[in-house]
Amino acid sequence: MPKIIPSLILFACGLLCSGQDRTVGLLVNEEGVTDGYVLYVPINYTDTYLINNCGQVINVWQSDFLPGLAGYLDNEANLVRSGNGTTNQFQAAGRGGIIEKWNWRSELLYRLELHNDNYCQHHDIELLPNGNILAILWERIEKEEAIDNGRNPALIRNEIWSEKIVEIKPILPDSFEVVWEWRLMDHIIQDFDSTRLNFGEIASHPKKIDFNYASNDNRDWVHINSIDYSLALDQIVLSPRNYDEIWVIDHSITSSEASTEKGDLLFRWGNPATTRLASGKLLDGQHDIEFVEDGAFLLFNNNSESGIESSILKIFPEIDASGNYMIEEDTFKLAGPPEFLLENREVDISSDILSNIEIMENGNIFVNSGARTDLREFSSDGELLWHYKGTVSLFGPILQGAMISGQCFRADKYKSDDVRFLGKDLSIKAENIELQPLEIDCSIGTSVDEEVLLEWHIRKDAQQKLVEISTSLNDECELILMDMNAQKICSDRFRKTKTFCFDDFATGIYVLCIKSKSLFSAKKIFLN
């Protein structure tokens, strides 16, 4: 009998506090919240935490570096996190320069340095299905080179920082290979100086980037703060904060092709002023751009200028039958108006900086209002189901009752039955992160004994590859087949017994999951 990991069932409950008001940690926990774990990456501290819905610590990873700024769990529940490196050349908000990976036991697997005098990783990273990493890099451009390319000298100090996106292949324990690259400098246009490079009419070239779209001489004039990748489209979406828009680029082309017009923007939206076509921004200081279903995009629109009208937007670009983004009169089209999932006038999600969101499988909306580390989960109609206030500041865990809570670039929620937790020790390592915690009535119990309820029988012969499953549960069960990237391949429902045939599947490793109202279990299947 294989080892079965018990699922955890959260019993919704009230909070019982005595003597003082609760100001940090778990504040709200209601029925309907997604059963899962939150990866909490405090921006001002070196530790990263995985907590459950009761705010109890399931795992902690300790680094020598502050975040730089993002952290994610890969498909084996290893933590991949960028760190604030030691370079003196690049001093600005969001600085990173280090990428580290730890296993579940908090053992460091590698440490990569992505910084020198000419470039530095910053803000966000993206984990790819092949194990590689996409990273956003500042690229130093000296004043003379910038002027030669058409930059207005009034917008330059002694240098500017452009952007480039690199795909790196980690080489343990401390090296990497750049296997793909896209440089912003290959896709600029300017109408400032007709004697310099890249001169042209900006409004007639919406796929290129105005080299002089800036209001001052800030070296970090673009400030890309978020990156996401679509495997289905083989595209990358970026959030250039200082342009108040989103950009999509093609990852299916080679690095050489990416330096040509093939690497120009596939899509942009949010601020028509960047192409001189209109005024009036639709986005303002946005963060956490993501691909979602049907080619749509999801983002946290900070509304940075006011800081009090943040919203969560879903954007639907218009796409033709060949999968191309539609453009008309030099303007990219939407298939319909943006959908406002949550607005600050309805619920307080305000955050003028940082922040991220996630739509859970059950339709709930998980939100990190990062300026003050308010981690919350709402139902699809805006009801607050869960609220966790940041418990870490610059000097580590803070006292219950404190009125400050530090900041958080992003936090992500993973379902408790996520396949990446298969075989992991999910016991509680600490009751709270905060110091001098108040008592909480928040119970976690284990489900019924899965060893008794579920049996796996695997039979292989020369003709067929079969998995036979039987259970004594009376509930209807769902059988889900996933690949090792946690992508669902197919699913089916059954009662009591089920036989699954792998004859049509390629050699490799798969994950077979069974879910019911009272049970979750998963097993890796090796096909040779």
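Residue indices begin from 1 for each chain and proceed along its sequence in written order. Only residues with pLDDT of 70 or above have their local features reported here, since the model is predicted, and side-chain atom pairs are shown and tallied only from 80 upward, although totals for entire chains, interfaces and linings are computed over all residues. With hydrogens and water stripped out, all remaining heavy atoms of the structure feed into the side-chain values.

> Requested: an account of the overall build of the protein, with residues and values cited.
Scanning the protein for helices and strands turns up three helices and 40 strands. Here's how the labels work: a residue is buried when its accessible area is under 20% of the maximum for its type, exposed when over 50%, partly exposed in between, all with a 1.4 Å probe on protein chains only. When the 528 residues of the protein are sorted by exposure, 55% land in the buried category. Residue pairs at least 24 apart in sequence account for 58% of intrachain contacts in the protein once pairs closer than 6 positions are excluded. Using a 1.4 Å probe, the Shrake-Rupley method yields the accessible areas, and only the shown protein chains count as cover for residues. Accessible surface, the protein: about 22300 Å² in total, of which carbon and sulfur atoms supply 47%. By the criteria applied, helices consist of DSSP H or I runs no shorter than four residues and strands consist of E runs no shorter than two, each listed in order from the N terminus. Every residue pair with non-hydrogen atoms within 4.5 Å of one another is taken to be in contact.

> Help me get a handle on the pattern of salt bridges, residues and values and all.
By convention in these notes, a salt bridge is any Lys or Arg side-chain nitrogen within 4 Å of a carboxyl oxygen on Asp or Glu. Following the criterion strictly, the structure yields 36 salt bridges and no others. Linking Arg105 and Glu107 is a salt bridge whose minimum nitrogen-to-oxygen distance equals 3.3 Å. Assessed through its relative accessible area of 60%, Arg105 is described here as exposed. Residue classification places Glu107 among the partly exposed positions, given a relative accessible area of 40%. The residue Glu318 makes a salt bridge to Lys333 at a minimum N-O spacing of 3.8 Å. In this pair, Glu318 sits in the loop between β22 (311-315) and β23 (327-328) while Lys333 sits in the loop between β24 (331-332) and β25 (339-343), placing the two residues 15 residues apart along the sequence. Its relative accessible area of 26% is what places Lys333 among the partly exposed residues. The structure contains a network of salt bridges with shared partners spanning Asp348, Arg372, Asp374 and Lys389.

> Give a description of a negative patch on the surface that names residues and reports values.
In this analysis, a patch consists of residues with relative accessible area above 30% that form no salt bridge, clustered at 9 Å for like charges and at 5 Å for the nonpolar side chains Val, Leu, Ile, Met, Phe, Trp and Tyr. Charged residues are defined here as Lys and Arg on the positive side and Asp and Glu on the negative side; His and the ends of the chain fall outside this count. To locate a charge, the coordinates of NZ of Lys, CZ of Arg, CG of Asp or CD of Glu are taken. On the surface, a cluster of negative charge is made up of Glu30, Glu31, Asp381 and Glu383. Inspection of the secondary structure puts Glu383 in the loop between β28 (374-378) and β29 (384-389).

> Requested: an account of the sheet that holds β28, with residues and values cited.
Paired strands, in this sense, are two strands between which DSSP finds at least two bridges. Within the open sheet, the five strands sit side by side as β2-β29-β28-β27-β26. Their pairing is antiparallel. Pairing within the sheet leaves two strands with one partner each, and these edge strands are β2 (25-29) and β26 (356-359). In this sheet, adjacent strand axes meet at a mean angle of 10° when their direction is disregarded. Here four bridges tie β26 to strand β27 (residues 365-369), and the two strands are oriented antiparallel to one another. Looking at the pairing, Ile359 lines up with Ile365 of β27. As a rule, the C-alpha atoms of each element are fitted with a line to give its axis, helices using only the stretch in contact, and angles between N-to-C directions run from 0 to 180 degrees.

> An account of unusual backbone geometry is requested, with residue identities and associated values reported.
Residue Leu69 is bonded to the preceding Gly68 through a cis peptide linkage, with omega at 5°. Looking at the element boundaries, Leu69 is found in strand β6 (residues 67-73). Geometrically, the link from Leu172 to Pro173 is a cis peptide bond, its omega value of 0° lying close to zero. Within the element layout of this structure, Pro173 appears in the loop between β12 (159-171) and β13 (175-183). Notably, Asn303 is not glycine yet its phi reads approximately 50°, a positive angle.

Interpretation in functional terms is not warranted from these geometric data alone.
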